[in-house]
Amino acid sequence: MRTPRRTVLREPHELLGLVGTELGASEPRVVTQDDVDRFADVTGDHQWIHVDVERAEAGPFGGTIVHGFLTLALVPRLLEDVLTIESFSMGINYGLDRVRFVKPLPPGTEIQGVAELTSAVRLPAGGGGAEGVQAKASVTVEFADDATTCCVAEILFRYYP
């Protein structure tokens, strides 16, 4: 397991000087079968590889697996564990550039997020507001016990002071 570590910045513009650096590693997290079942209810994705524990034991993964999109939905939370900006008025998840589900995640397995800041640019001020920052981080969701990759996502986010 990686030692959890976070980057703390006073304001969004400090991101501009950190491009190319690892921001840290999140606290370990576990996605439970209950989380999977609730995600299936919300999305309507009740495929047996996710929700039928008995059938999945005889399936290709030896048990149920977490939905890829549930794993992806955790990326902003894992990034929040890694990056703290103390002063801003608004933060927005702006999108994703690339996502890969590298290895299935069994429920009950500890994961960690590791983030590297890959870009940061100034956003022009609009409507009389202050100029913001758009940044992109490569967030790797790893199995905490051996740091192998489960999912990798390039997430775009914006902060406004």
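Everything numeric in this text was worked out from a predicted model, so none of it was measured.

Caption draft 1: Structural detail: helix 5 (residues 75-82). Every buried residue belonging to helix 5 is among Val75, Leu78, Leu79, Asp81 and Val82, and all of these are buried. All buried residues of helix 5 lie within an arc of 155 degrees about the axis, which places them on one face of the element.

Caption draft 2: Spatial organisation of the nonpolar core. Among the nonpolar cores identified, the biggest contains 33 residues, and Leu15, Leu79, Leu83 and Phe157 are the most heavily contacted of them. Breaking this core down by element, the ones donating at least two residues are helix 1 (33-43), helix 4 (68-73), helix 5, strand 4 (83-85), strand 6 (110-123), strand 7 (132-143) and strand 8 (149-160). Each residue touching Phe157, except ones within four places of it in the same chain, is listed here: Leu15, Leu79, Leu83, Ile92, Asn93, Tyr94, Leu117, Val133, Gln134, Ala135, Lys136 and Ala137.

Caption draft 3: Just the pattern of salt bridges, in detail. Tallied over the entire structure, the rule returns 11 salt bridges. With its nearest N and O atoms 3.1 Å apart, the salt bridge here joins Asp34 to Arg38. Of the two residues, Asp34 and Arg38 are both situated in helix 1; the distance of four residues between them amounts to about one turn of the helix. The class of Asp34 is partly exposed, set by a relative accessible area of 46%. Classification of Arg38 by relative accessible area gives partly exposed; the value is 46%. Between Lys136 and Glu154 there is a salt bridge whose closest N-O contact spans 3.8 Å. Highlighted residues: Lys136 in strand 7 and Glu154 in strand 8, separated in sequence by 18 residues. Judged by its relative accessible area of 17%, Lys136 is buried.

Caption draft 4: Focus on the side chain of Thr71. Assignment of secondary structure puts Thr71 in helix 4. With sequence-adjacent residues up to four places away left out, Thr71 is seen in contact with Val66, Leu105, Val141, Cys150 and Cys151.

Criteria and cut-off values
Residues numbered from 1 in each chain as written. Predicted model: local features only at pLDDT ≥ 70, side-chain atom pairs only at ≥ 80, totals over all residues. Heavy atoms only, no water. Buried < 20%, exposed > 50% of the residue type's maximum accessible area, 1.4 Å probe, protein only. Helix = DSSP H or I, 4+ residues; strand = E, 2+ residues; numbered from the N terminus. Arc of directions from axis to C-beta. Core = buried A, V, L, I, M, F, W, Y, C linked by side-chain atoms within 4.5 Å. Contact = heavy atoms within 4.5 Å. Salt bridge = Lys/Arg side-chain N within 4 Å of Asp/Glu carboxyl O.

Geometric values such as these leave the question of function open.
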